[in-house]
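Structure assessment
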Amino acid sequence: MQAKSVTAVITTYARPFDLLEQSLLSVLRQDYSPLEVVVVDDNGLSSPFAKDIAEGMKAYPNVRLIQHEENRGAQVSRNDAILFSTGELIAFLDDDDYWLEGKLSAQVEAFEEDVGMVFCQGYLCKIEEGKPEKRVPYNMSNCFLPNPTFADMLYGDYIGTTTQAMISRRAFAMCGLFDPDQPARQDYQMWLRISKKLRCVGVEKYLFVHTHHEKSGQISKVPVKAITGFRRILREFADDFRKSPVALCHCHMMIAREYRRGNDRAGYMRHMIKAALVAPRILFHMDELKKRRGLHASRVSAGA
């Protein structure tokens, strides 16, 4: 049987070339072929980062470099790479993350006809100035679900960052590309779309390192963008959330948490009230909810 072709996509913005190069080398050292590598520079041609990247990438003539004339966002960057790529399977990597040995081989092996995405476990590496790097399991707050269903994913994001995802070209054809208008939780939105139509499979191996910089500007950490992202997800999957009161309750609680992070007490209370109206018993059994956060949504709904 002929091996499935893979395209590795690295998107970069406002990072020095040496950091991007670390990500790139983690791809080039993979033991899998056929492998196509695409780097999308979203800095804009007038940026000093773009000039450094163009110069540095001369050492990698077999890697395709796409440079945007101006900053267009991570979703557009990923979509451009998907459209210009040739691989049957597409794996993503952020410019400050890196893959560990054997990632591609392990994920390709898990693909079957009805599988749209394969993800994996990995590490979160906290980088703080003046302190040694510290690795912890990336999904330590949730139980690892090797076969999350759409019902599971409505309840919460059991997959995580794009760095751990490998997606079939067929899945994008069926579910569409990343949404450029989604201000945050773009990955979660895509995981919901895929899990609704195809199976998602988790490889129980630690195969990537996701770095978190002390002063990073991750959009998911900006409350107003996260709130808008969750609200858009609620609208897109409104009918599905209505059929799962516990999932809807939990989503309102997630939005409330973002309001609290932004010190907006009125917004926090508004969505906590909505959560209570949807599934009142949940809020009176918070300890039980926390214990069950990693379980299938239907297992919790019996107590709603």
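In this report, the structure presented in the accompanying data block is examined.

Our next topic: the nonpolar core. Grouped together as the largest cluster of nonpolar side chains are 51 residues, with contacts concentrated most on Ile167, Ile194 and Phe241. Per-element accounting of this core gives the leading share, 10 residues, to helix H10 (residues 245-261). Leave out the neighbours within four places in its chain, and Ile167 touches Glu88, Leu89, Ile90, Phe92, Phe111, Gly116, Met117, Phe172, Trp191 and Ile194. With 31 residues, the next largest nonpolar core counts Met57, Val63, Leu93 and Val201 among its residues.

This structure, assessed with the given rule, holds six aromatic pairs. Judged by centre distance (6.0 Å) and plane angle (55 degrees), the ring pair of Phe150 and Phe237 falls under tilted. Within this pair, whereas Phe150 is found in helix H5 (residues 150-155), its partner Phe237 is found in the loop between helix H8 (223-236) and helix H9 (238-242), the two being separated by 87 residues in sequence. The class for Phe150 is buried, based on a relative accessible area of 14%. Of the aromatic side chains, those joined through ring pairs into one cluster are Phe92, Phe172 and Phe178. The cationic tip of Arg78 hangs over the ring face of Phe178; the distance from NZ or CZ to the ring centre is 5.7 Å. Here Arg135 stacks its cationic end above the ring of Tyr123, 5.4 Å away from the centre of that ring.

Now for the side chain of Gln164. Inspection of the secondary structure puts Gln164 in the loop between H5 and strand S8 (166-168). Gln164 gets classed as buried once you look at its relative accessible area, which sits at 0%.

Our focus in this paragraph is H10. With 17 residues, H10 extends 24 Å from end C-alpha to end C-alpha; this agrees with the ideal 24 Å at 1.5 Å per step. In terms of residue burial, H10 counts as a mostly covered element, since 13 of its 17 residues are buried. At the C-terminal side of H10, Asn263 shows a positive phi close to 60 degrees.

Next up on the list: the pattern of salt bridges. Per the stated rule, a full pass over the model turns up 14 salt bridges. A salt bridge links Arg78 to Asp94; the nearest nitrogen and oxygen atoms lie 3.1 Å apart. With Arg78 in helix H3 (residues 74-84) and Asp94 in strand S4 (residues 89-94), this residue pair connects regions lying 16 residues apart in the sequence. Here Arg78 matches Asp94 in class, with each residue buried. Here Glu112 makes a salt bridge to Arg199, at a shortest N to O gap of 3.0 Å.

This brings us to the pairing of strand S3 (residues 64-67). With four bridges connecting them, strand S2 (residues 35-41) and S3 associate as parallel partners. The residue bridging Val40 from the neighbouring strand is Ile66, located in S3.

Attention now goes to unusual backbone geometry. Between Ser33 and Pro34 the backbone carries a cis peptide bond, its omega angle lying at 5 degrees. Looking at the element boundaries, Pro34 is found in the loop between helix H1 (17-28) and S2. The backbone phi angle of Arg185 is positive, close to 60 degrees, even though this residue is not glycine. The topology assignment puts Arg185 in the loop between helix H6 (169-175) and helix H7 (186-197). According to the relative accessible area criterion, Arg185 is buried, its value standing at 16%. Unlike most non-glycine residues, Asn263 shows phi in positive territory, near 60 degrees. Structurally, Asn263 can be placed in the loop between H10 and helix H11 (265-278). A relative accessible area of 73% means that Asn263 is categorised as exposed.

The rules behind each value
Along each chain, residue indices are assigned from 1 in the same order as the chain's sequence is written. Reporting of local features is limited, given that this is a predicted model, to residues whose pLDDT is at least 70; pairs of side-chain atoms are given and counted only at 80 or more, and all residues count toward the totals for whole chains, interfaces and linings. As a rule here, side-chain values come from all non-hydrogen atoms in the structure, and water together with hydrogens is ignored. To define a nonpolar core, start from buried Ala, Val, Leu, Ile, Met, Phe, Trp, Tyr and Cys residues and group those joined through side-chain atoms within 4.5 Å. Each residue's exposure class comes from its accessible area (1.4 Å probe, protein chains only) as a fraction of the maximum for that residue type: buried when under 20%, exposed when over 50%, partly exposed otherwise. What counts as a helix is a DSSP run of H or I of at least four residues, what counts as a strand is a run of E of at least two, and both are numbered from the N terminus. By the convention used here, residues are in contact when the closest approach between their heavy atoms is within 4.5 Å. The pairing test for Phe, Tyr and Trp rings, Trp by its six-membered ring, is centres within 6.5 Å, and the orientation test on the planes gives stacked under 30 degrees, edge-to-face over 60, and tilted for anything in between. Only when the NZ of Lys or the CZ of Arg is both within 6 Å of the ring centre and within 35 degrees of the ring normal is a charge said to sit over the ring. Helix span, expected: 1.5 Å multiplied by one less than the number of residues in the helix. One speaks of a salt bridge when a side-chain nitrogen belonging to Lys or Arg is within 4 Å of a carboxyl oxygen belonging to Asp or Glu. Any two strands with at least two DSSP-identified bridges between them are counted as paired.

These results come straight from atomic positions and should not be treated as a statement about function.
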